[in-house]
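# Remarks on the overall topology
This is what each chain is made of:
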Amino acid sequence: MGVVSAAAAVAAMNLVGLLAFAVAGSLKGADADLDPFGVATLGVLTALGGGTIRDVLVGRVPAALRSTGDVLVVLAGVGVGLLVAWALTGGTGRVRDHSAFLVADAVGLAAFAASGAAVGADAGLSAFGVVVTATLTGVGGGSLSDLLLTRTPVVLREDFYATPALLGGAAYVVAAAAGVRGATATLGVAVGVFVLRVVAVRRGWSLPTV
Amino acid sequence: MGVVSAAAAVAAMNLVGLLAFAVAGSLKGADADLDPFGVATLGVLTALGGGTIRDVLVGRVPAALRSTGDVLVVLAGVGVGLLVAWALTGGTGRVRDHSAFLVADAVGLAAFAASGAAVGADAGLSAFGVVVTATLTGVGGGSLSDLLLTRTPVVLREDFYATPALLGGAAYVVAAAAGVRGATATLGVAVGVFVLRVVAVRRGWSLPTV
Amino acid sequence: MGVVSAAAAVAAMNLVGLLAFAVAGSLKGADADLDPFGVATLGVLTALGGGTIRDVLVGRVPAALRSTGDVLVVLAGVGVGLLVAWALTGGTGRVRDHSAFLVADAVGLAAFAASGAAVGADAGLSAFGVVVTATLTGVGGGSLSDLLLTRTPVVLREDFYATPALLGGAAYVVAAAAGVRGATATLGVAVGVFVLRVVAVRRGWSLPTV
């Protein structure tokens, strides 16, 4: 796979992650009984937070602030989230544990972990740096929105939230070392992270407490 | 208005915002019964936080770390805040709801929203990027100090706190598109944000909950 | 002392800080009954957080993401922390008030305050900028891990936690103005901060509340 298709894969992952996390973040905001502005804030922050952290770390002006397309996707995702919240609960009750939320969140986690790994590798980071950008891009937005709600971030509450993103970043590093790069590596990591996260939620996996 | 007066307007807005938020932040710290160091920390963080986030996002070394003048202004503001807290309450009671706090906070919000929009536009950000830098520059410092106090940031608690800053950023974008730039746009946005924030507080405006 | 020895001193301070904060952070995580991933997260965040904030502020790609050695040191520190937690408590009880934790934390604070001051000065920051980078490098990692645990950061809870780092940064500035630079200044600041922090803890120093 060439550079173009690799870039296209990262761009595609980014769009998927933006949409999925905008939905997941706005559902989280609706559950917290925030007003529309607060819901939109959580949706935007959840969708753009991880990538912004990633870009700041690698010394780029955040893509979210340079392109307009990303934002339209996120706002569309917020709208979808509000509709889903209303459709599932009639405006009452919680959707956080509904599979719609869990799937959207897992998709965002997977897409951003993959794009984070690719961006980190392109920036010439160390193996650890790639794992960190994969993990932070995946969990950064959700963690920021949790902090805004003064909750212990899901990254600390759920064992297999950050773990799949971290393993995805490690897998990207191993794949790159093995000569597997570009779109193949990016898409493979995304699928692996998504499957691992969904299975972890379904099976209720957790690590032993120290 | 030329580039010089535009730069002067941004610099003036910045000074006003630094002083106002240093006062507001130290009053907040005094209300939280923090020791002088904690009060100064909140004042400095509230005053310098938003601009630092803005500069990091547009890839600049934060002005707060490069210039000494800004800091002297902030420390002066902290001193004023401590005197105000003492004068209003004799060292007891709360000043958070006192108009002195609300006005200082609204002035800081307005000045930083305007300077954030101008800096974002100068950095060649997208329309959304300008709105974000305006909003984050305006609410960033207060949000960081709220997080330090482990409170849900005012940005989520009060509907019309971030909203005026966001609308100010949008107004700056529209004005620029209409050919209104420089000092006129910057000062106009600052006045608009201040009026909107003060009226919102006085009238107790809020958005409907989802 | 020449540039080389100065650089060597900063590198040495950095290694010491990484190891000490990795131990202190993982002990904090163990006390919070986090799972191994959470403990490692707190250890890594505590060790790498301050330096990452420092590097982002001065416009560098964080050293933590560029070098692999730092990370191995941190992971070793996490391992040591887990062993210490187990050895001191048999896996039960708290180690936060144990001198092993306090000493490790004071060593990290001192080492990072010194390296932060040196990096800030090298980046050509203002005197205040050097004080800020010294303070944030020293307290940033611990504050981030406290925020992840949704605790009011120790920087606000304990008067003489940030204060020694701040005074260390100020001392570095004064020393530089007096012509004392390089390794001498860096090591001197580290020793001073460590002593000040340990004495403050032992004596239970605190500042009067406003």
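As annotated in an unreviewed UniProt entry, chain A is Trimeric intracellular cation channel family protein from Halobaculum saliterrae. Here is the UniProt Subcellular location (unreviewed entry) comment for chain A, exactly as written: "Cell membrane".

### Digging into the overall build of chain A
Scanning chain A for helices and strands turns up 9 helices and 0 strands. Each helix and strand of chain A, ordered N terminal to C terminal, gives the series α-α-α-α-α-α-α-α-α. In summary, chain A has a C-alpha radius of gyration of 16 Å against a globular reference of 17 Å for 210 residues, a match within 12%. Over its C-alpha atoms, taken along the principal directions, chain A stretches across nearly 50 × 45 × 25 Å. Taking all 210 residues of chain A together, 56% fall into the buried category. For chain A, restricting intrachain contacts to residue pairs at least 6 apart in sequence, the fraction spanning at least 24 positions comes to 74%. When the accessible surface of chain A is split by element, carbon and sulfur atoms take 70% of a total near 7800 Å². One way to put it: in chain A the 12 positive side-chain charges average out to a point 5 Å from where the 11 negative ones average out.

### Examining the interface of chain C and chain A
Interface extent is often summarised as the accessible area lost during association of the parts. Tallying the contact residues gives 26 residues for chain C and 24 residues for chain A. For the chain C and chain A pair, buried surface summed over both sides reaches about 1900 Å², with 76% attributable to carbon and sulfur atoms. It is F37, L65 and L148 of chain C that lose the most area in chain C upon contact with chain A, and together they represent 35% of the buried surface on that side. Our enumeration of links across chain C and chain A arrives at 0 salt bridges.

### Notes on the relation of the copies chain C and chain A
Rotating chain C by 120° and moving it 0.0 Å along the rotation axis overlays it on chain A with an RMSD of 0.0 Å. On this basis, the relationship between the two copies can be described by a three-fold rotation axis. The rotation axis passes nearest to the C-alpha of T150 of chain C in chain C, at a distance of 3.8 Å. Both copies present different contact surfaces, since only 12% of the interface residues of chain C are interface residues in chain A too.

### Topic: the packing of helix α8 (residues 159-177) of chain C against helix α9 (residues 182-203) of chain C
Residue and element names in this part refer to chain C. Two elements in contact, α8 and α9, have axes separated by 9 Å at closest approach and are oriented at 155°. Looking at the two axes, α8 sits roughly antiparallel to α9. In this structure, α8 meets α9 at a crossing whose hand is right-handed. Residues F160, Y161, P164, A165, L167, G168 and Y172 of α8 pack against A185, T186, V189, V193, L196, R197 and A200 of α9. In the contact of α8 with α9, the residues fall into 11 nonpolar, 2 polar and 1 charged.

### So, the relation of the copies chain B and chain C
After a rotation of 120° and a shift along the axis of 0.0 Å, chain B superposes on chain C with an RMSD of 0.0 Å. A share of only 12% of the interface residues of chain B reappears at the interface of chain C, consistent with the copies meeting through non-equivalent patches.

### Section: the UniProt feature "domain: Glycine transporter" (unreviewed entry) in chain A
Per the UniProt record, "domain: Glycine transporter" (unreviewed entry) is annotated on residues 13-84 and 103-175 of chain A. In the segment residues 13-84 of chain A, helix accounts for 85% and strand for 0%; the C-alpha atoms at its two ends are 22 Å apart.

### Notes on the environment of A106 of chain C
All names here are of chain C. Along the polypeptide, A106 turns up in helix α5 (residues 99-122). Overall, the relative accessible area of 1% leaves A106 in the buried class. It is 14 Å that separates the C-alpha atoms of A106 and R203, two residues lying 97 residues apart in sequence. In this view, A106 contacts F194, R197 and V198; residues no more than four positions away in its chain are not counted.

### Some remarks on the environment of A190 of chain B
All names here are of chain B. In this fold, A190 is placed in helix α9 (residues 182-203). A190 sits 176 residues away from N14 along the chain, and the two C-alpha atoms are 11 Å apart. Excluding anything up to four places from it in sequence, A190 contacts M13, A110 and A114.

### As for the side chain of R54 of chain C
Residues and elements named next belong to chain C. Along the chain, R54 turns up in helix α2 (residues 36-57). For R54, a relative accessible area of 4% corresponds to the buried category. Reaching out from R54, the side chain makes a polar contact with the side chain of D55 at a distance of 3.1 Å. Dropping the residues within four chain positions of it, R54 is found in contact with N14, R60, S115, G116, V119 and T137.

### So, the packing of helix α5 (residues 99-122) of chain B against α9 of chain B
Residue and element names in this part refer to chain B. Where α5 meets α9, the axes come as close as 8 Å, and the angle between the chain directions of the two elements is 145°. As for the relative orientation of α5 and α9, their crossing is right-handed in sense. Contact residues: α5 offers S99, L102, V103, A106, V107, L109, A110, A113, A114 and A118, while α9 offers T186, V189, A190, V193, F194, R197, V198, V201 and R202. Each residue belonging to the contact of α5 with α9 can be placed in one class, and the counts come to 15 nonpolar, 2 polar and 2 charged.

### Digging into the UniProt feature "transmembrane region" (unreviewed entry) in chain A
Residue and element names in this part refer to chain A. Mapped onto the present numbering, the UniProt feature "transmembrane region" (unreviewed entry) falls at residues 6-27, 34-51, 71-88, 100-121, 127-149 and 161-180. Structurally, residues 100-121 comprises 100% helix and 0% strand, and the distance from its first C-alpha atom to its last is 32 Å. Taken end to end, residues 161-180 is 85% helix and 0% strand, and its two terminal C-alpha atoms sit 25 Å from one another.

The rules behind each value
Residues numbered from 1 in each chain as written. Chains lettered and ligands numbered in written order. Predicted model: local features only at pLDDT ≥ 70, side-chain atom pairs only at ≥ 80, totals over all residues. Heavy atoms only, no water. UniProt positions renumbered as here; feature names shortened; annotations may be inferred. Helix = DSSP H or I, 4+ residues; strand = E, 2+ residues; numbered from the N terminus. Rg over C-alpha atoms; globule rule 2.2 N^0.38 Å. Buried < 20%, exposed > 50% of the residue type's maximum accessible area, 1.4 Å probe, protein only. Contact = heavy atoms within 4.5 Å. Areas by Shrake-Rupley, 256 points an atom, 1.4 Å probe, with all protein chains shown as cover. Lys, Arg positive; Asp, Glu negative; His and termini not counted. Charge placed at Lys NZ, Arg CZ, Asp CG, Glu CD. Buried area = accessible area lost by both parts, 1.4 Å probe. Salt bridge = Lys/Arg side-chain N within 4 Å of Asp/Glu carboxyl O. Least-squares fit on C-alpha atoms with pLDDT ≥ 70 in both. Axes fitted to C-alpha atoms, helices over the stretch in contact; angles between N-to-C directions. Parallel < 35°, antiparallel > 145°, perpendicular 65-115°, else oblique. Left-handed = near helix turned anticlockwise from the far one by under 90°. Nonpolar A, V, L, I, M, F, W, Y, C, P; charged D, E, K, R; others polar. Polar contact = N/O pair within 3.5 Å; in protein donor to acceptor, adjacent residues only side chain to side chain.

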